[in-house]
Amino acid sequence: MLPDQIIDRWLPQFRKGLLEFIILLKLKQDMSYGYEIASEIKNLTSIEVAEGTLYPLLNRLKRDGLVTTEWKTEEVGTPRKYYQITESGIETLDKMKIIWTNTHSSVLKMVMQS
Amino acid sequence: MTLQFPIKSETSKKIWHGFERELNHKLKPLPESERDDIKMEILSHLYESALNDKADAEEERIINAIDRLGEPDLYLTPLISDILQAQSAAKGNPKAIAKSLIVTTQRSLLHLFLTAIFGFGYAVSMIIFIMGIMHIFNSDVGIWLDNNGGLLSLSFAFQPNAVQWMPEQFSFIAITVSAFAYWGLSKLLYVLLLKPNKSARK
């Protein structure tokens, strides 16, 4: 198998775990809706994602009680479904941050040594 | 729906309604409240995404926004399956459990079907290849036709009342054809099952 093919297989798995973490980080800053979350992920990270794939992730976060949702319609504009992080979501995010920081440092060390 | 998402051109409306129909069709397994909620959320995303697109024509902006969302199956299948599984687990309803299992296994069944077809194809091409090699040492191995010219059998032994098909060239043809078939099946298998989905990479 060629390196590019291996990367094609590895990248979606890598992204999936990372996206849940990024979504919670974004929602910790402020409540947000699907399109805004997708745009921010695109603007702030180099992660390219089919925007629709965020919705199964958001649904799972909601099902697990990490976020709640609320429909809002501005006077002028489209109806938006806002996601807000819960106490349980914040607690989970804090644990994710510790895992991320520890893993990131060790992986970075290995990358620098390789 | 049109009032919530004001679209001007007729072509754009057709594209929009086409996409909405596709959502309605794919979301059918869900209860109405869940279906409306997801549809509204996806359409809201689509509208806002189209509104912020840089293309001049409205229809082009909508097409680009649909493209950015990715293949509907890519995000709706896991979404539907998750919701149905959660509901069926909560209710313990056998009908709901069956419904969620159908959605989850639809793709697996397709893969299973393709695997069976490819398995048969690989088996036949390998048998023909082996026969091609064996024919070099035993000229009775080959394809035998009945006296009317119809196919009788692939055989490893002499067949009475039958004529062997192209005994002189059989090894060459069998080895070449089976090698090409093996290569072709492998390419097809890669494209259909193993090649990463472009949408998934986006």
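Enquirer: Just checking my understanding: could you explain the packing of helix α1 (residues 10-26) of chain B against helix α3 (residues 58-69) of chain B for this structure?
Expert: Two quantities define a packed helix pair, namely the angle between the helix axes and the distance between the axes. Residues and elements named next belong to chain B. Packing of α1 against α3 brings their axes to within 8 Å, and their N-to-C directions diverge by 20°. Classified by the angle between their axes, α1 and α3 sit roughly parallel to one another. Crossing of α1 over α3 shows left-handed handedness. Along the contact surface, α1 presents Thr-11, Ser-12, Ile-15, Trp-16 and Phe-19, while α3 presents Glu-58, Glu-59, Ile-62, Ile-63 and Ile-66. Here the contact of α1 with α3 is built from residues that sort into 6 nonpolar, 2 polar and 2 charged.

Enquirer: I keep staring at the confidence of the model for chain B and nothing clicks. Help me out?
Expert: Any region with low pLDDT has predicted coordinates that should not be read closely. Residue and element names in this part refer to chain B. Confidence in the prediction for chain B averages 82 pLDDT; 80% of positions are at 70 or higher. Across chain B, α3 holds the top mean pLDDT of 94, while helix α7 (residues 198-201) sits lowest at 41. Predicted confidence is poor over residues 196-202, with pLDDT under 50, and the contacts of this stretch with residues over four places away or in other chains come to 18 contacts. Complex prediction metrics read pTM 0.64 and ipTM 0.85.

Enquirer: What is the right way to look at the environment of Arg15(A) in this model?
Expert: Residue and element names in this part refer to chain A. Within the secondary structure layout, Arg-15 lies in helix α1 (residues 3-29). Along the chain, Arg-15 and Val-49 lie 34 residues apart, while their C-alpha atoms are 8.5 Å from each other. Beyond its immediate chain neighbours, meaning those up to four positions away, Arg-15 contacts Ile-47 and Val-49.

Criteria and thresholds
Residues numbered from 1 in each chain as written. Chains lettered and ligands numbered in written order. Predicted model: local features only at pLDDT ≥ 70, side-chain atom pairs only at ≥ 80, totals over all residues. Axes fitted to C-alpha atoms, helices over the stretch in contact; angles between N-to-C directions. Helix = DSSP H or I, 4+ residues; strand = E, 2+ residues; numbered from the N terminus. Parallel < 35°, antiparallel > 145°, perpendicular 65-115°, else oblique. Left-handed = near helix turned anticlockwise from the far one by under 90°. Contact = placed C-beta atoms within 7 Å. Nonpolar A, V, L, I, M, F, W, Y, C, P; charged D, E, K, R; others polar. pLDDT = per-residue confidence, 0-100.

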